[in-house]
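# Coordinate inspection notes
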Amino acid sequence: MYSEEVMKHFAQPKNVGEIKDADGIGEAGNPVCGDMMSFYIKVKDGRLEDVKYKTFGCVAAIAVSSKVSELVKGKTLEEAKALSKKAVAEALGGLPKEKMHCSNLGAEALGKAIADYEARHGGMPLAEQTEKQFEVTLGCCDCSTENPPQAKFCMSCGKELKK
Amino acid sequence: MEKKVYLDNAAATPVRKEVIEEMMPFFDAEFGNPSTVYDMGSRIKAVVDVQRAKVAELIGARPEEIIFTSGGTEANNLAIKGIAFAHRKKGNHIIVAATEHHSVLNSARFFERLDYEVTFLKVDEYGLVDPQRIRELIRPETILVSIAYASNEIGTIQPISEIAEVCKNKGVFFHTDGVATVGNIPVDVKQLGVDLLSLSGIPLEAPKGTGALYFRKGLRLMPLLHGGIQESGRRGGTENVPGIVGLGKAAELTLQELPQKMRHVKVLRDKLVSGVIESIESVKLTGHPETRLPGHASFCVQAIEGEALVFMLSSEGIYVNTGSACASKALKTSPVLLAIGIPPELAQGSIVFTLDVTNTEEDIDYVLEKLPFVVGRLRSMSPLWGKKETAQASS
């Protein structure tokens, strides 16, 4: 079900932990849904000197956090901000379809940590930043039947599922 | 050899050697179709009827009250749809517990979209239904009540004979999903007084894709599969003869060995439960502490997620199950855990052990050695556990 790269990062996640005097902290996800990540960053000369995280979640969520930390450490803030969910999934050799939206929260949490840093350092205040870019879309059915998230139609009532 | 401890016997079991041996001739040497009239076929029909008698004996039924199915899901579908369609003139109301298996829940929801009404019955914190509540909910148009005998997820055993009594007095059919139960505790349909009972070959160490529905003699039941007159016209299609032979043999062995199996798994289960509670903090036993299947232990572990826990345990050679949302293809938290009032975030840390007679005390020792380590490792990564520790330290 998972790629070798995902299992490698799950078995030996890199950069786990917190940074006590972090320059920015970002959180994404919700424990009720099963995945939550907190990213901590240390910034020096416009680059991510250190990146750490804590993750509550499944195999994919843990591997995503580890991969994101590995990909952006040492990168400039602009480079880090440009990291997309798709790029994270590709770097992991792919993620199962149903995990793309709910567990692939690393880039989002990191983005929030950078936004937090920028807000603290006289950039645009965090409150004014649009929350829209952080919204996660989840497939769900409006009748109470459980459907796989990639399903286009409800397997029970045949109704089209809203994405 | 690498250590392997398999504790997910509700999901799948290895088919017993005796069962495989019994099945083998029916793949090639005795391949006839039971519906044919010549000796090659009539011989097989006699064999199928012997198996029917064996399965009937296991649950205290008569042979003609057994319909072979492709497993528990089909048996549950046949019970609910078969009764609801056949008795539409009598009424259109069905009662099921909110904690039923998907094959029952989704069959009931299917009827909600026809002109039927379904009541999803609430359960208490242990997952128990209240027979008196069922009495209150039954209306003149109620035709069927379906409550599982025991839950595969939390192990709780329901007061089935009391519910059957209520239904009988009210003149309503009562079906129980016995998939988690038959093969784990003694079941006698006549003593229980149920009208229909589903069973699966999996807990009996028979092949996957085998199962049966018990239906009380004389009960009118609409078939799901229209076809020939196999299974007395209640299920068309040429019989899965090797599977039926496997199920029959497994039923025969289960009847002989069940008391010994129950004693064996209960000792191990009790050791596992007390060991887990002692060695891991912030862990909750789910389901009823006593009125539960003898080989069943289920917990919710705080601040970690079940799929990650299951994968990390499997890398240590330990195979278990979880009701976590991330582990379900539909990404929904187990409705059973939510129905018994477990908060959604705690339900993510669900872990389920189902034991079999092949498990040993060393298996349990191994789990009790590895599990606290794996839980600790995942908690050290979890932002939820960190918060809890900080909160405790500052208070």
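Sequence order sets the numbering: in each chain, residues are counted from 1 along the sequence as written. Here chains are named by letter from A upward and ligands by number from 1 upward, in the order in which they appear as written. For this predicted model, a pLDDT threshold of at least 70 governs which residues receive local features, and a threshold of 80 or more governs which side-chain atom pairs are given and counted, while totals over whole chains, interfaces and linings are taken from all residues.

## Digging into helix α3 (residues 72-86) of chain B
All names here are of chain B. Secondary structure elements are taken from DSSP: a helix is a run of H or I of four residues or more, a strand is a run of E of two residues or more, and numbering for both begins at the N terminus. Here, expected helix span is obtained from the residue count minus one, scaled by 1.5 Å. Here α3 contains 15 residues, and its C-alpha end-to-end distance of 21 Å stays within 8% of the 21 Å for a straight helix at 1.5 Å per residue. Residue burial here comes from a neighbour count, namely the number of other C-beta atoms, placed from the backbone, that lie within 10 Å of the residue's own C-beta, with 20 or more meaning buried, 12 or fewer meaning exposed, and in between meaning partly exposed. With 12 of 15 residues buried, α3 lies mostly within the body of the structure. Where α3 is concerned, the buried positions are Gly 72, Thr 73, Glu 74, Ala 75, Asn 76, Asn 77, Leu 78, Ala 79, Ile 80, Gly 82, Ile 83 and Ala 84.

## Observations regarding the packing of helix α1 (residues 4-11) of chain A against helix α2 (residues 59-72) of chain A
Each pair of packed helices can be described by the angle between their axes along with the distance between the axes. Residue and element names in this part refer to chain A. Contact geometry of α1 with α2 gives a least axis separation of 8 Å together with a crossing angle of 85 degrees. As judged from the angle between their axes, α1 and α2 are roughly perpendicular. Of the residues in α2, those touching α1 at Val 6, His 9 and Phe 10 are Val 59, Ala 60, Ile 62, Ala 63, Ser 66 and Lys 67. The residue inventory of the contact of α1 with α2, partitioned by class, reads six nonpolar, two polar and one charged. Think of each axis as a best-fit line through the C-alpha atoms, taken over the contacting stretch in the case of a helix, with angles from 0 to 180 degrees between the N-to-C directions. Comment on the angle field: the value is read as roughly parallel under 35 degrees, roughly antiparallel over 145, roughly perpendicular from 65 to 115, and oblique elsewhere. Throughout, a pair of residues is in contact if the C-beta atoms placed from their backbones lie within 7 Å. Three classes are used: nonpolar for Ala, Val, Leu, Ile, Met, Phe, Trp, Tyr, Cys and Pro, charged for Asp, Glu, Lys and Arg, and polar for all others, with Gly counted as polar.

## Here's the deal with the interface of chain B and chain A
Contacts between chain B and chain A engage 26 residues on the former and 30 residues on the latter. Those elements that provide at least two residues to the side of chain B that touches chain A are α4 (102-112), α9 (306-314), α11 (344-347) and α13 (383-394) of chain B. Residue composition of the side of chain B that touches chain A, grouped by class: 13 nonpolar, six polar and seven charged.

## Quick word on the sheet that holds strand β5 (residues 142-146) of chain B
All names here are of chain B. Pairing in this open sheet of seven strands is mixed, and the strands run β2-β8-β7-β6-β5-β3-β4 from one edge to the other. The strands lining the two open edges of the sheet, one partner per strand, are β2 (66-69) and β4 (117-121). The mean angle between the axes of side-by-side strands here comes to 20 degrees, regardless of whether they run parallel or antiparallel. Two strands pair when backbone bridges link them, and β2 and strand β8 (residues 211-215) are joined in this way by four bridges, in the antiparallel orientation. Residue pairing in the sheet places Phe 68 in a bridge with Ala 212 of β8. Contacting β2, β3 (93-97), β5, β6 (173-177), β7 (196-200) and β8, α3 crosses the sheet at an angle of about 160 degrees to β7. Between any two strands, pairing holds if DSSP finds at least two bridges.

## A look at the domain arrangement of chain B
Residue and element names in this part refer to chain B. Per the domain assignment, the segments of chain B are domain 1 (5-11 + 258-394) and domain 2 (17-254). By convention here, the domain bounds are inherited from an automatic or database domain assignment. The centre of domain 1, based on its C-alpha atoms, is set 29 Å off from the matching centre of domain 2. Facing the 21 residues of domain 1 at the interface are 20 residues of domain 2. Sorting the residues of the side of domain 1 that touches domain 2 by element identifies α8 (241-279), β10 (296-301) and α10 (335-339) as the ones contributing at least two each.

## Quick word on the confidence of the model for chain B
All names here are of chain B. By definition, pLDDT measures how confident the predictor is in each residue, and it falls between 0 and 100. With 96% of its residues at a pLDDT of at least 70, chain B reaches an overall mean of 95. Throughout residues 389-395 the model reports pLDDT below 50, and contacts reaching past four residues in sequence, or to other chains, amount to zero contacts. Across the whole predicted complex the pTM is 0.89, and at the interface the ipTM reaches 0.83.

## Description of helix α12 (residues 361-381) of chain B
When the terminal C-alpha atoms of α12 of chain B are compared, their 31 Å separation across 21 residues agrees well with the 30 Å that a helix rising 1.5 Å per residue should span. Restricting attention to buried positions, one finds in α12 of chain B the residues Ile 364, Val 367, Leu 371, Val 374, Val 375, Leu 378, Arg 379 and Met 381 of chain B.

## A look at the sheet that holds β10 of chain B
Residue and element names in this part refer to chain B. Ordered in space as β9-β10-β12, the three strands form an open sheet in which the pairing is antiparallel. This sheet does not close on itself; its edge strands, each paired only once, are β9 (283-285) and β12 (350-354). For this sheet, the mean inter-axis angle between neighbouring strands, taken without regard to orientation, is 25 degrees. Sheet analysis places β10 next to β12, joined by five bridges and oriented antiparallel.

## Regarding unusual backbone geometry
One non-glycine residue, Asp 45 of chain A, adopts positive backbone phi at about 55 degrees. Tracing the backbone through its elements, the reader meets Asp 45 of chain A in the loop between β2 (35-44) and β3 (47-56). Backbone geometry places Ser 232 of chain B, a non-glycine residue, at a positive phi of 50 degrees. Here Ser 232 of chain B shows up in the loop between β8 and α8.

## Quick word on the pairing of β5 of chain B
All names here are of chain B. Of all the five residues making up β5, five are buried; the element is thus mostly covered by neighbouring parts of the structure. Pairing geometry for β3 and β5, over four bridges, is parallel. Paired with Ile 95 across the two strands is Val 145, which belongs to β5. One ladder, built from three bridges, connects β5 with β6; its direction is parallel. Opposite Leu 144, over in β6, you have Phe 173 as the bridge partner. The handedness of a crossover follows from its direction of travel: if, with the strands pointing away from the viewer, the path from the first strand over the helix to the second runs clockwise, the crossover is right-handed. The handedness of the β5 to β6 crossover, carried by helix α6 (residues 160-170), is right-handed.

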